[in-house]
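An overview of the molecular structure
Below are the chains, spelled out letter by letter.
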Amino acid sequence: MNSHSGGRHGRNAKQLQALNPQPHHESSAQAAAANSLQLLLREDQLLMQYGLTESRANPDQVAFPYAAALLQLDEDGEQSNGNTDKGSSTKDRADACLQEVEQRLALVESLAVKLSRTRPEAVAGHLLRLHGYELDGTTEQEGEAAAAPAATAVTSTTTGSTTLSSIRDRADRLERQADVLESVASRVDCSLTRGLSRMEASCTKLERVLKLSNTLKSILRLQFETNKLMNYDLEDQRDLTRAAASVSVLEELLSQAELQQGIDVVEKMRPEIQSTAKQVRESAARLLQEQTFTKTTALPKLGSIFQVYFHLGELPSAVWNAVNQAHAKAESLSRELFNPVTLVNLAEQAKRTAKESRLIQKKLRQIRAEAAQEWIQGMTEIALQVRNMQRVLARKTDPVSRQLFVDVVNTAPTPPAYAEYVSRDINSIFALFWARLCSSLSSILGHILLQDGGKYAPDVAALYPPVRAAGLELINRLQESLPSSILDEAGTTSFAGILGGTATMDDNFLEWNSGQSAANEVIGDNPQAAPDQWSRQTDSNHAAAKASSQTYTTGLSSSSLSTVMNSFEWRALQGSTKSPTGLFGLQQAFVEACTDRLCAPLKYMFPENIQVDDDGVAINAGFHLLPSKYDVQRFDENIRQELAFADPREGGGDLTLVTMVSDCVVTMTSRFCELAKNALSGASSQRDGYIGEHWSMSDSLQHDRKVIAIVYTLAKYLRQAPDKTFIAPYRPTVSSKHEEAANLCKAGLVPGLHAIEKMVKSTVLNPVIRALNRRIANVLARIHQGVYIDSPTTTDGEFPAFVQKHFPDIFETIATSILSKFPPEYASYMASAIASYTIYCFISNSMLIRPFGETARLHITQDVSDLELILEQFVVKYGGSLTLHDVGDGRPYAELRAVRQMLFWTGLEDMSKSSQEISKLLLREPWMKVVRPSTILHYLFSSAPKLLSSPHHMKRVKAEDYAMSLLSTDGASSEGEDAAWINVLTCCDAYQQRVSSQSAAGEGDARIPHVLMLLGPELLRRRQRN
């Protein structure tokens, strides 16, 4: 039967191929559809056996035989398998067969549809003929008989053309193929699902086995580590480090989920492990608490303790706990010092121990300095603990992971108490500790300064000098503990050892030694004789390490003061207005207290002269009252007492405090000057309020002179205070530090001296100088009353001497009745200003004389010599070491000497020279450099034509008034030069107008106007350049 069915299967396949021809040019989709159909036919051979694939077969006739065959096949299969279900009925099997038949019929219908699409004339031809349509070709029977050849022929004739029916056919074939593929995929998916389920079951079993294996391994590891842990001695730091590593492993194992499920073996070991871990932590905490960190032997122990906490995974928390403990200890020390009870005890102790009542303050300063030293010792130890702890963290690494401990701490989150201080400059552990400590110190000081309404503020402020000095010592110690580099700290250089060691690993701080430093001494002579000491520590190296580490605990070193002042630690401790941390509040309180003590005597200075009249009304009876000599001397004592706070021996402070105290003294000086200014008579605003008749001082000037004498005494105290405070007590063994402190004090007091000088000059000296200069100018105005008119000599053959006649008595009177009453410094200033003004005024007045004959030149020359002699005696006698050559930077005296040469200059005698040549000759003269432009310009007017009016005539003022307008009564000479040139220019313009309207210029040198026009701008340019 199989062979028969196989033969029919081949024939039916050929028939299907005839019904569905596949030409060579057909697309791949059509070929796939044909292959799918062939696959279906191969799977169900009954389709061809019963003719279900033939189009002419009747479906009802072929369906029942096909169904019977299926039933027969099912019965045969059941009997062969021996699994016949006797309970199933024939009807059920028939229904199943009919359902299968319906599926086959659906397949046949699909094949019929396909046939109708490929050969529509074979299906609907007879219907078309019934409606009268004739079909081309043979009859229907012939067409049906020759269906396969005809189809092949039609397909071959339509090669390359695409019809709608062919496209639809391809789509249907693709759809059927998709259904087939979907069924195949579903079957494959079911197979894979069943395989996956079996695989998952196997994997689950395997996972259980692996989990159980890991649990057993963890238990074995737990037992092993527990046995190791029991053998460690927790008192030994090396065993403690190993125990910490084991505890870390055990805690990690116990934290696993599989060991927390109530395993009996694990639960028996758990309490013992937890107890041992607790003991390890307690031992590490105890060792960390006991270490002072300042001793050389403690630093390696500190590194091993950190190694313990690193193994436990608690290094950041341990470090920050240690920092918190250090901060709490430092805060406790600060509260103990800045406490009302402590302040009262210090005062009572000073009263008990002082031998005399006048020595109580001195004793109190000593006791406060001792208390500050005790406080700073504790603070230094705490700060060095944190600093050394940071250094160990920065140098220590884990030997296994090679992870730097400081990186571990920095990676962990910063505690909230320190997080607020983190910034670009504050990022290390010690910096955060120091910033928080300074902030806490500021809070403590602020509280006690305001406690009970500021009752304890003076006593607290008095602690600032010793506390500041102690703070500088603390910062100095911290700066000394910082090496410049790692190699500097190791005390060696990097080079290779004989057997591979390197001296770069030497670390005296952590007591790590490679032995290369000692080996180098032998290598120089015999390199092979050097032993390999790279892991052994010699006695010499240990001694060197100990000596190097002692620098952290001994006294002050050579750290420069500028380095300390510029360090972050000092800036944070000192504080500022923007960041008032540390001692800033205490500093402000000290400055206020110092200023109050210095200004306390000011309330007794210059009181108003209040008297009561007959009616009982208070009236001002005159000038302010002046303080006594003893009242003024109090300032000297107060200034030296306050400056003594900066003296370590006297005040317990430091020498850098001198600038701050000097500022307080300057503040007091400014207030003193204000009081002195208010105590003046106010006569300086009056024109002749200071000078009476016969060149005598008025009552107002005598009162004001006494006031500035008191101010001068204060200035003298300021100048003497540095030497008396810092130099005189230590002679003859004066150190460079005291000399530097004295220099700083002098520089700090300079603003106070300038304030005194400015007040005295502006309120008294300059008004006196102006009044005297006006009197002198009035005397010099007599020059224009015909003194220098050409006239014959007197009977004794001498010219009348104007200066010798008037000025000797005047200057003598000024010197004896006025200048001698003032302090030498002020008298020298006044003599210099008067002499300078006298010279300029004499020259300006004499140059306005016109005409200027030979006799007038000789007369003026003689007066110049007399004036020089008189002023020289005047300045030397009452100007101290000042000479006439030094007055006004030497310019007045140089111009006075140049006038002699100018009077006898002969450049105008040659009438053939042009005005340009005369101007050049004048500019080449050496005396032109020191002569004012107005002097030479006014002198040239004496030789000018009459039509060229003099400057004072053009201004229509007197010659003496014009000369005074060129000068300042304070002695300045450059104020009127520009105005003088404008007047000269105006005169030259008027001359040009007059010459143009008249035929002749009159007597005189006509070149002078042009010379003036050429000379004036160049002289002014030179003067401005100089």
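Each chain has its residues counted from 1, following the order in which its sequence is written. Thresholds applied to this predicted model are a pLDDT of at least 70 for local features of residues and 80 or more for the giving and counting of side-chain atom pairs; totals over whole chains, interfaces and linings are not thresholded and use all residues. Where side-chain values are given, they derive from all heavy atoms of the structure, hydrogens and water being excluded.

1. So, the overall build of the chain
Helical segments are the DSSP runs of H or I of at least four residues, strand segments are the runs of E of at least two, and each set is numbered from the N terminus. Regarding its fold elements, the chain presents 40 helices and two strands. Accessible area is worked out with a 1.4 Å probe on protein chains only. A residue is then buried under 20% of its type maximum, exposed over 50%, and partly exposed in between. Evaluated residue by residue, the chain yields a buried proportion of 44% over its 1026 residues. Two residues form a contact once any of their heavy atoms are found within 4.5 Å. Sequence-distant contacts in the chain: of pairs separated by 6 or more residues, those separated by 24 or more amount to 73%. Of the accessible surface of the chain, which amounts to about 53700 Å², a share of 52% is contributed by carbon and sulfur atoms. A 1.4 Å probe and the Shrake-Rupley method give the accessible areas. Residues count as covered only by the protein chains that appear here.

2. Regarding unusual backbone geometry
Residue Pro732 is reached from Arg731 by a cis peptide bond, and omega for that bond is 5°. Tracing the backbone shows Pro732 in the loop between α29 (699-727) and α30 (736-780). Of note, the phi angle at Asp452 is positive, near 55°, even though the residue is not glycine. Of note, Asp452 is situated in the loop between α18 (429-450) and α19 (457-461). Positive phi values are uncommon outside glycine, yet Phe606 reaches one of about 50°.

3. Description of a nonpolar patch on the surface
Residues form patches when they are more than 30% accessible in relative terms and have no salt bridge. Like charges link within 9 Å. Nonpolar side chains (Val, Leu, Ile, Met, Phe, Trp, Tyr) link within 5 Å. We count a salt bridge whenever a side-chain nitrogen from Lys or Arg sits within 4 Å of a carboxyl oxygen from Asp or Glu. Where nonpolar side chains cluster on the molecular surface, the patch consists of Val184, Val188 and Leu192 and spans about 250 Å² of accessible area. Looking at where Val184 falls in the secondary structure, it is placed in helix α9 (residues 164-230). By relative accessible area, Val184 is classed as partly exposed at 32%.

4. Concerning the packing of aromatic side chains
Centres within 6.5 Å are what make two rings of Phe, Tyr or Trp a pair, Trp counting through its six-membered ring; a difference in plane orientation under 30 degrees is then read as stacked, over 60 as edge-to-face, and the rest as tilted. In the structure shown here, the tally under the stated rule is 12 aromatic pairs. Seen from their ring centres, Tyr464 and Phe590 are 5.4 Å apart, and the 35° between their planes marks the pair as tilted. Remark: Phe590 occurs in helix α26 (residues 584-599) and Tyr464 occurs in helix α20 (residues 464-480); sequence separation between them is 126 residues. Accessibility expressed as a relative area gives 1% for Phe590, which makes it buried. Judged by centre distance (5.8 Å) and plane angle (85°), the ring pair of Phe590 and Phe645 falls under edge-to-face. In this pair, Phe590 sits in helix α26 while Phe645 sits in the loop between α27 (629-643) and α28 (658-678), placing the two residues 55 residues apart along the sequence. For Phe645, a relative accessible area of 8% gives the class buried. Three or more aromatic residues joined by ring pairs form one cluster here, namely Phe802, Phe807, Phe811 and Phe874.

5. Some remarks on the packing of helix α14 (residues 340-353) against helix α15 (residues 360-395)
Comment: axis = line fitted to C-alpha atoms, over the contacting stretch for helices; angle = value between 0 and 180 degrees taken between N-to-C directions. Viewed as axis vectors pointing N to C, α14 and α15 meet at an angle of 130°, and their least axial separation amounts to 9 Å. The orientation of α14 relative to α15 falls into the category oblique. Of the two elements, α14 crosses α15, and the hand of that crossing is right-handed. Of α15, the residues touching α14 (which contributes Leu346, Ala347, Gln349, Ala350, Lys351 and Thr353) are Ile360, Lys363, Leu364, Ile367, Arg368 and Ala371. Roughly parallel means an angle under 35 degrees; roughly antiparallel, over 145; roughly perpendicular, 65 to 115; everything else is oblique. Working rule for handedness: look at the near helix, and if it is turned counterclockwise from the far one by less than a right angle, call the crossing left-handed; if clockwise, right-handed.

6. Notes on the environment of Thr577
Relative to the helices and strands, Thr577 is located in the loop between α25 (568-574) and α26. Taking the C-alpha atoms as reference points, Thr577 and Gln588, separated by 11 residues in sequence, lie 10.0 Å from one another.

7. Points about the confidence of the model for the chain
Looking at the chain as a whole, its pLDDT mean stands at 77, while 75% of the residues score no less than 70. The pLDDT score gives, residue by residue, the confidence of the prediction method on a 0 to 100 scale. Overall, residues 1-26 carries pLDDT values under 50, and its contacts beyond four positions in sequence, including any with other chains, amount to 34 contacts. Predicted confidence for residues 792-798 stays below pLDDT 50, and this span has two contacts to residues more than four positions away or in other chains.

8. Observations regarding the environment of Thr816
With respect to the helices and strands, the residue Thr816 is situated in helix α31 (residues 802-817). In this structure the C-alpha to C-alpha distance between Thr816 and Tyr878, which are 62 residues apart in sequence, comes to 9.1 Å. Setting aside residues no more than four positions away along its own chain, Thr816 makes contact with Lys821 and Tyr878. Two N or O atoms count as a polar contact when they lie within 3.5 Å, although within protein this holds only if one can serve as hydrogen donor and the other as acceptor, and sequence-adjacent residues are included solely when both atoms are side-chain atoms. In this structure the side chain of Thr816 is engaged in a polar contact, spanning 2.8 Å, whose partner is the backbone oxygen of Glu812.

9. Examining the packing of α30 against α31
Relative placement of two packed helices is described by the angle separating their axes and the distance separating the axes. Where α30 meets α31, the closest approach of the two axes is 11 Å, and the angle between their N-to-C directions is 165°. Here α31 runs roughly antiparallel to α30, going by the angle between their axes. Seen along the crossing, α30 lies across α31 with a hand that is right-handed. On α31, the residues that touch Leu772, Ile776, Val779 and Leu780 of α30 are Phe802, His806, Phe807, Ile810, Phe811 and Ile814.

10. Some remarks on the environment of Ala980
Inspection of the secondary structure assignment puts Ala980 in helix α39 (residues 977-997). The class for Ala980 is buried, based on a relative accessible area of 1%. Separated by 47 residues in sequence, Ala980 and Pro933 have C-alpha atoms that sit 8.4 Å apart. Leave out the neighbours within four places in its chain, and Ala980 touches Ser934, His938, Tyr962 and Leu966.

11. What about the pattern of salt bridges?
By the definition in use, this model includes 18 salt bridges. Arg368 serves as the salt-bridge partner of Asp459, at 3.6 Å between the closest nitrogen and oxygen. Taken together, the residues Asp459 in helix α19 and Arg368 in helix α15 connect sequence positions 91 residues apart. Asp459 sits in the partly exposed class, given a relative accessible area of 30%. On the accessibility criterion, Arg368 (11% relative accessible area) is buried. In this structure, Lys877 and Glu812 form a salt bridge, with 3.8 Å as the shortest nitrogen-oxygen distance. Of the two residues, Lys877 is situated in helix α33 (residues 854-878) and Glu812 in helix α31; the sequence distance between them amounts to 65 residues. In this structure Glu812 comes out as partly exposed when scored by relative accessible area, which is 39%. Salt bridges sharing partners connect three or more residues here, namely Asp636, Arg640 and Lys724.

12. Section: the nonpolar core
General note: in soluble globular proteins, nonpolar side chains tend to be found buried as a group. Here, nonpolar core means buried Ala, Val, Leu, Ile, Met, Phe, Trp, Tyr and Cys residues that are tied together by side-chain atoms lying within 4.5 Å of each other. If you look at the biggest cluster of nonpolar residues, it comprises 230 residues, and the most contacted ones within it are Phe306, Leu315, Phe338, Trp434, Phe822 and Ile936. If one sorts the elements of this core by residue count, α30 sits on top with 18 residues. Of all hydrophobic cores here, the second largest spans six residues; its members include Tyr962, Ala963, Leu966 and Ala980.

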